[in-house]
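What follows is the residue order along each chain.
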Amino acid sequence: LGFCLEQVVADNELGGLMSALDGEYILPGPGGDPIRNPKVLPTGKNMHALDPQSIPTKAAVDCAKVVVDRLLDRQRQDMGGVYPESVALTLWGTDNIKTYGESLAQVMWLVGVQPVSDSIGRVNKLRLIPLEELGRPRVDVVVTCSGVFRDLFINQMNLLDKAVKMAAEADEPLEMNFVRKHSLEQAEELGVDLREAAQRVFSNSAGSYSANVGLAIENGGWKDESQLQEQFLERKSFAFNADRPGELNKADAVFKSSLAKVDVTFQNLDSSEISLSDVSHYFDSDPTKVVQGLRKDGKKPTSFVADTTTANAQVRTLSETVRLDARTKLLNPKFYEGMLNQGYEGAREITKRLRNTMGWSATAGAVDNFVYEDANSVFIEDPAMQKRLLDTNPNAFRDMIQTFLEANGRGYWETSEDNIDRLRKLYQDCEDKLEGIE
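By convention here, each chain's residues receive numbers from 1 onward along its written sequence. pLDDT decides what is reported in this predicted model: residues at 70 or higher carry local features, side-chain atom pairs at 80 or more are listed and counted, and totals for whole chains, interfaces and linings draw on all residues regardless. To get the side-chain values, all heavy atoms of the structure are used, and hydrogens and water are removed first.

**Focus: the sheet that holds strand β9 (residues 248-250)**
Right, on to step 1. Two strands pair if DSSP finds at least two bridges between them. Think of it this way: any DSSP run of H or I at least four residues long counts as a helix, any run of E at least two long counts as a strand, and we number them from the N terminus. Pairing within the open sheet is mixed, and its eight strands lie in the order β9-β8-β7-β6-β3-β10-β11-β12. The strands lining the two open edges of the sheet, one partner per strand, are β9 and β12 (314-317). Each strand axis lies, on average, 30° off the axis of its neighbour in the sheet, ignoring direction.
Right, on to step 2. Relative to strand β11 (residues 302-307), strand β10 (residues 264-269) is paired through six bridges, and the arrangement is parallel. Each bridged residue has a counterpart across the sheet, and for Thr265 the counterpart in β11 is Ser303. Note on geometry: axes are C-alpha line fits, over the in-contact stretch for helices, and angles between N-to-C directions span 0 to 180 degrees.

Structure below.
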């Protein structure tokens, strides 16, 4: 710990910048999460990421096995020992840089395929793990990749597509190979061949990023949840196909058919720097309610989040993770007092976190009523806190009030009429202050 503290304090960013401007040599060093890789410190180096062909590394594969096994065990406990037949995952570009491909390896382990590296560490081959060795059924996947992942890791998308199709073409009992089971059903349903039906790796079209669900929620300009779901399906339905490398083709039918079979949605939290409500990206790419809308039985899939920020990876439900995040940040006096001490921007950060929390209500229904109720008690009911927020950043305070009112209006927060009346009055007070009316 002493050594790590020394490295954190040894900040050389300005020194490195000045040396670079003088045309001097800057020592190279890796970027990423300093908790996972202490060699990131001290700062001020000429940062590099990784060789994209080198992931997933062996260490990443080992970590992925632990997380996937815990995910499947948790789901089986909740479902009477039954394995999920299909899991929807989201892959992020920067996260896979920081973890050296852990989530990539998770997808491969779910379908029962092992990445194989060559003599210089490049991962360019795959091995289908025999069922006897795997010890469980092959679980189908639906992978949505971020735009940055698509740009950085096109070779890995190629590997993922090959891995799924390798499993789909394996001549195995359907009750032990859900990838093949679903692909055969889809081939018949859609009138396509097996390999086209087995497309499972999706992203935005070239040059496009995100589902824009987060943007719609941030602006409040969405009519209902079906609009958000259609937006997700429209923007994320471009399939990568290893049989036609370099192309991302619209594949609505396969995308919707695959999502309709999903039992579990899953994401990773791999860094202590960013959590579920820090940014809108996580809920922007969450397909939980999309899947519910597509399933014939209308059942909402179970949603899990893996916390791999420590060596002891934890798999929690999405609702558990949202609760934990709210308790440790939004509702934590150490957090919000620290933010308010930062002034204008700190108040805006609190409001943004509340808005992002509501995003999880809209896309997954994962926010408990008490989160809104307790946030209302902390930031709205206390007259002293009202004054602090109004004086510090009236724009942010108005947006916070608007978020509470919107959460109530959309049915995400049940509360008393007294609370709603108070919010409406405070909204008018903010408007008056912003307009200069005393």
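**With respect to the pattern of salt bridges**
Right, on to step 1. The term salt bridge refers to a pairing of a side-chain nitrogen on Lys or Arg with a carboxyl oxygen on Asp or Glu at a separation within 4 Å. Under the definition given, this model contains 37 salt bridges.
Right, on to step 2. Across the pair Arg195 and Asp243 runs a salt bridge whose closest N-O atoms are separated by 2.8 Å. With Arg195 in helix α10 (residues 194-197) and Asp243 in the loop between β8 (238-240) and β9, this pair connects stretches of sequence that are 48 residues apart.
Right, on to step 3. Residue classification places Arg195 among the partly exposed positions, given a relative accessible area of 28%.
Right, on to step 4. Put simply, Lys425 and Asp429 hold a salt bridge, and the shortest N to O gap is 3.3 Å. With a gap of four residues between them, Lys425 and Asp429 both fall in helix α22 (residues 417-435), about one helical turn apart.
Right, on to step 5. Accessibility expressed as a relative area gives 55% for Lys425, which makes it exposed.
Right, on to step 6. Exposure classes here rest on a 1.4 Å probe applied to the protein chains alone. A residue is buried below 20% of its type maximum, exposed above 50%, and partly exposed in between. A relative accessible area of 27% places Asp429 in the partly exposed class.
Right, on to step 7. One salt-bridge network, in which partners are shared between bridges, spans Asp161, Lys165, Glu169, Arg195 and Asp243.

**What to know about the packing of aromatic side chains**
Right, on to step 1. Any two rings among Phe, Tyr and Trp, with Trp reduced to its six-membered ring, count as a pair given centres within 6.5 Å; such a pair is stacked if its planes are under 30 degrees apart, edge-to-face if over 60, and tilted if neither. Applying the stated criterion to the full structure yields eight aromatic pairs.
Right, on to step 2. Note on Phe149 and Phe153: the rings are 5.2 Å apart at their centroids and 45° apart in plane angle, and the pair reads as tilted.
Right, on to step 3. With a relative accessible area of 0%, Phe149 lands in the buried category.
Right, on to step 4. Their ring planes at 55° and their centres at 5.4 Å tell us that Phe404 and Trp413 sit as a pair that is tilted. Neither Phe404 nor Trp413 differs from the other in exposure class; each is buried.
Right, on to step 5. Here the aromatic cluster, defined as three or more aromatic residues joined through ring pairs, consists of Phe202, Phe232 and Phe255.

**Section: the packing of helix α19 (residues 369-381) against helix α21 (residues 394-409)**
Right, on to step 1. Relative orientation of the contacting elements α19 and α21 amounts to 150°, with a least axis distance of 12 Å. Between α19 and α21, the angle falls in the class roughly antiparallel. Here α19 and α21 pass one another in a crossing that is left-handed. Here Tyr372, Ala375, Asn376, Phe379 and Ile380 of α19 lie close against α21, whose contacting residues are Phe397, Met400, Ile401, Phe404 and Ala407. When an angle is under 35 degrees it counts as roughly parallel; over 145 it counts as roughly antiparallel; between 65 and 115 it counts as roughly perpendicular; any other value is oblique. Crossings are assigned a handedness: left-handed for a near helix turned anticlockwise from the far helix by less than a right angle, right-handed for a clockwise turn. Contact between two residues is taken to exist if any of their heavy atoms lie within 4.5 Å; hydrogens are not considered.

**Points about unusual backbone geometry**
What you tend to see is this: most non-glycine residues have negative phi, and most peptide bonds are trans.
Right, on to step 1. Note the cis peptide between Ile55 and Pro56, where omega equals 5°.
Right, on to step 2. Positionally, Pro56 belongs in the loop between β2 (46-48) and α3 (58-78).
Right, on to step 3. Phi angles above zero are rare outside glycine, and Ser210 is one such case at about 65°.
Right, on to step 4. Along the chain, Ser210 falls in the loop between β7 (201-203) and α11 (213-219).
Right, on to step 5. Judged by relative accessible area, which is 28%, Ser210 ranks as partly exposed.

**Looking at the pairing of β12**
Right, on to step 1. Along β12, the buried face is formed by Val315 and Thr317; none of Gln314 and Arg316, which line the opposite face, is buried.
Right, on to step 2. Of the strand pairs in this sheet, β11 and β12 are connected by four bridges, and their pairing is antiparallel. If you follow Val305 over to β12, its bridge partner there is Arg316.
Right, on to step 3. The antiparallel hairpin formed by β11 and β12 contains six residues in its connecting segment.

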